[in-house]
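Geometric and topological summary
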Amino acid sequence: MSTAVSVDVLIMGGGIAGLWTLARLKQAGYKTVLLETDSLGAGQTRFAQGIIHGGTKYALTGKLTASSEAVADMPSLWRDCYKGNGQLDLSKATLLSEAHYLWSTSSLTSRVSGFFASKVMRARTNELDESVRPELFKHTDFKGQIYALDEPVFDAMSVVRAIAEPVMESILAIKGDTIKYGNDVLSVQAQDGGNYEFSFEKIVLSAGQGNEGLLSAFNLAEPEMQLRPLKMVMLRGDLSEMVFAHCMGASVNPRITITSNRDNNGEIVWYLGGQLAEEGVARSDAEQIAQAKKELAELIPWLDQSKCQWSTLDIDRAEVKKQGTKRPDTFYAEHKDKVITVWPTKMALSPLMAETVLKIINDEKISCADDELPSWSKPSYAILPWNEEQRWLM
Ligand SMILES: Cc1cc2nc3c(=O)[nH]c(=O)nc-3n(C[C@H](O)[C@H](O)[C@H](O)COP(=O)(O)OP(=O)(O)OC[C@H]3O[C@@H](n4cnc5c(N)ncnc54)[C@H](O)[C@@H]3O)c2cc1C
């Protein structure tokens, strides 16, 4: 026995992209349901470092690129949401840091000064005197320069919770291997065993890596997806401070990007990305940890690593396919008939991406359905990687 449910918009995938879209469409009055095959945030979102980029990282060449233009307004948009007067209410999310920092070692100082002296960057950053630096960079052995970037850092899962909680009645946890599409109906089995048949005016595919399988279920060969693998590193143990900073290296990408969280025991965890994670995919776990130790010893020589516990984690970024190995400049949201496919490319860009989806749907002039949704069991939230104790056993 299946329950038939008719909606205006069906959304597949409860990461940041699907959830932001769900909240915006519901605000606009559309009857919208989101289906999630795992737990909310279970894809890339729980692995995000949570930096709301304002484009600085992309402008490291000294000139603005399409990606830095697109993200320039995101810090203020997210801050407004956090203050409770933005397009969504993120006042219950955790703001980990008001700013992300960028530092150089003494050997790289001249390059960084030249870059920050450029007109492009003067408005976005400011160099910090010793008195206002993060504690780590007040150390007498620190010889480089440090700048504050106008880029807040959020705990990604706290954002997921803040968005999902008020719209939870519209989210259904389903079994991934039961999704079937035919005769304009998508049938699924819920994780609690109930069967549902959804009819819809539009469907938004926001399943990250899962979009590829969904597109083939809709007989669509395009858009194509690309995966960019990363090998991130985590460390904990006697770290005295939360750090949020990129270290500028010789290339356009930061040599290392450090963000920090507290694990369930309240212990500080440093989470390392940047070039270390991109190049780390060619290394074994042990080699990657050795490399991370070497990098930190070189970049922060006064850090005592002796009591640290280390771990690596492998995760793919899923994005729209670009020619060669290029990364997309901005979010992707395109539609063909009933299907709208999205990848935000960055968590930071989800609001812009959701706005585009809303516009596509408004332009289609869908008349809003108004009958009630059945009540069903709520999905759970994904666990942050540093709280999965088995990851630390290596
Ligand atoms: C290591 C790392 C660090 C990052 N750091 C940052 C950062 O600092 N700042 C930033 O802006 N961005 C960052 N990003 C990018 C950001 O995390 C992603 O752009 C964003 O999380 C993608 O969100 P999404 O909702 O599209 O996908 P996902 O988070 O992958 O969500 C997809 C969801 O769909 C579900 N699903 C899969 N298949 C199906 C199906 N068939 N039906 C229904 N549901 C399905 C999955 O379970 C999942 O919950 C980072 C990414 C990585 C990997």
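Here's a quick rundown of the structure. Every chain begins its residue count from 1, and numbering advances along the sequence as written. Selection of residues for local features in this predicted model requires a pLDDT of at least 70, selection of side-chain atom pairs for listing and counting requires 80 or more, and totals for whole chains, interfaces and linings are taken over all residues. Each side-chain value is worked out from all heavy atoms of the structure, with water and hydrogens disregarded.

**Focus: the site of the ligand**
- Distances are taken per atom, and a residue is near a molecule or strand as soon as one of its heavy atoms is within 4 Å of it. Not every one of the 37 residues close to the ligand is listed here, only the nearest: E36, Q44, T45, I51 and A348.
- Side-chain atoms alone can form a polar contact between residues adjacent in sequence; in general such a contact is a pair of N or O atoms within 3.5 Å, and within protein one must be able to donate a hydrogen while the other accepts it. H53 is positioned with one of its side-chain polar atoms (N or O) 3.3 Å from a nitrogen atom of the ligand.
- One of the backbone nitrogen or oxygen atoms of A348 is found 2.8 Å away from an oxygen atom of the ligand.
- Look at the ligand: alone it shows 1,000 Å² of surface, and the protein chains cover 94% of it. For the accessible areas, the method is Shrake-Rupley and the probe is 1.4 Å, while residue cover comes only from the protein chains on display.

**So, empty space enclosed by the protein**
- Buriedness of a pocket was judged along seven lines, with at least five required to meet protein on both sides within 12 Å; pockets are open sets of points on a 1 Å grid over the protein atoms alone, cavities are sets where a 1.4 Å probe fits but cannot get out, and lining residues have an atom within 4 Å of a point. Grid points are joined across faces, edges and corners, and a volume is the space filled by probe spheres set on the points. Scanning all chains against the criterion turns up one cavity of 30 Å³ or more.
- Looking at the largest cavity, its volume works out to about 50 Å³.
- R46, A48, Q49, L96, F154, D155, A156, T259, N261, L384 and W386 together form the lining of the largest cavity.
- Ten residue types, Ala, Val, Leu, Ile, Met, Phe, Trp, Tyr, Cys and Pro, are classed as nonpolar, four, Asp, Glu, Lys and Arg, as charged, and the remainder, Gly among them, as polar. In the lining of the largest cavity, the residues fall into six nonpolar, three polar and two charged.

**Focus: the nonpolar core**
- Core analysis: the biggest nonpolar cluster contains 61 residues, and W20, W78, L90, V159, I163 and I171 have the highest contact counts within it.
- Only buried residues count toward a nonpolar core, which is a set of Ala, Val, Leu, Ile, Met, Phe, Trp, Tyr and Cys residues joined through side-chain atoms within 4.5 Å. Each residue's exposure class comes from its accessible area (1.4 Å probe, protein chains only) as a fraction of the maximum for that residue type: buried when under 20%, exposed when over 50%, partly exposed otherwise. With 30 residues, the next largest nonpolar core counts F137, I146, I289 and W302 among its residues.

**Let's talk about the layout of surface pockets**
- A volume near 170 Å³ is recorded for the second largest pocket.
- Every residue lining the second largest pocket is listed: D155, M157, S158, R161, R262, D263, N264, Y381, A382, I383, L384 and N387.
- Of the residues forming the lining of the second largest pocket, the biggest block, three residues, is contributed by helix α6 (residues 156–164).
- Partitioned by chemical class, the residues of the lining of the second largest pocket number five nonpolar, three polar and four charged. Strands are runs of DSSP state E lasting at least two residues, helices are runs of H or I lasting at least four, and both sets are numbered from the N terminus onward.

**A closer look at the packing of helix α1 (residues 16–27) against α6**
- Every angle, taken between N-to-C directions, lies between 0 and 180 degrees, and every axis is a line fitted to C-alpha atoms, over only the stretch in contact when it is a helix. For the pair α1 and α6, the least separation of the axes is 9 Å and the interaxial angle reads 25 degrees. Considering their axes alone, α1 and α6 lie roughly parallel with respect to each other. Here α1 runs over α6; the crossing is left-handed. Between α1 and α6, the contacting residues are I16, L19, W20 and A23 on the first element and V159, V160, I163 and A164 on the second. Angle categories are assigned with fixed cut-offs, so that under 35 degrees is roughly parallel, over 145 is roughly antiparallel, 65 to 115 is roughly perpendicular, and the rest are oblique. Handedness of each helix crossing follows the sense of rotation of the near helix against the far helix: counterclockwise by less than a right angle gives left-handed, clockwise gives right-handed. Residue contacts follow a heavy-atom distance rule, with two residues in contact if any of their heavy atoms lie within 4.5 Å.

**Thoughts on unusual backbone geometry**
- Each neighbour pair has its own omega, and for E222 with P223 the value is 0 degrees, a cis peptide bond.
- Along the chain, P223 turns up in the loop between α7 (211–217) and β12 (225–236).
- Of note, the phi angle at D184 is positive, near 65 degrees, even though the residue is not glycine.
- Counting through the fold element by element, D184 comes out in the loop between β9 (180–182) and β10 (185–189).
- Owing to a relative accessible area of 44%, D184 belongs among the partly exposed residues under this scheme.
- The backbone of K365 sits at a positive phi, close to 50 degrees, despite the residue not being glycine.
- Looking at the element boundaries, K365 is found in the segment after α10 (350–363).

**Considering the state of the cysteines**
- Two cysteine sulfurs form what is called a disulfide whenever their separation falls within 2.5 Å. All told, the structure shown has zero disulfides when counted by the stated rule.
- Not part of a disulfide, C308 finds its nearest cysteine sulfur in C247, a span of 18 Å.
- Taking relative accessible area as the criterion, C308 reaches 13% and is therefore assigned buried.

**Observations regarding the environment of D363**
- Take D363: it is sitting in helix α10.
- The class of D363 is partly exposed, set by a relative accessible area of 48%.
- When the C-alpha positions of D363 and L384 are compared, they lie 38 Å apart, and in sequence the two are 21 residues distant.

**Things to note about α1**
- Expected helix span is taken as 1.5 Å per residue step, with the number of steps being one fewer than the number of residues. Given a rise of 1.5 Å per residue, twelve residues ought to cover 16 Å, and the 17 Å separating the end C-alpha atoms of α1 matches this to within 8%.
- Those residues of α1 that fall on the buried side of the exposure criterion are I16, A17, G18, L19, W20, T21, L22, A23, R24 and L25.
- On its buried face, α1 sits against β1 (2–12), β2 (32–36), α3 (74–83), α6, β8 (171–173) and α10.
- Two residues or fewer after α1 comes G29, characterised by a positive phi angle close to 95 degrees.

**Examining the pairing of β12**
- Counting buried positions over the twelve residues of β12 gives ten, a clear majority of the element.
- Across twelve bridges, the pairing between β12 and strand β16 (residues 309–320) is antiparallel. What sits directly across from K231, in β16, is D314.
- A strand pair is defined by DSSP finding two or more bridges across the two strands. Relative to strand β15 (residues 268–273), β12 is paired through four bridges, and the arrangement is antiparallel. Each bridged residue has a counterpart across the sheet, and for V233 the counterpart in β15 is L272.

Structural measurements only, silent on function.
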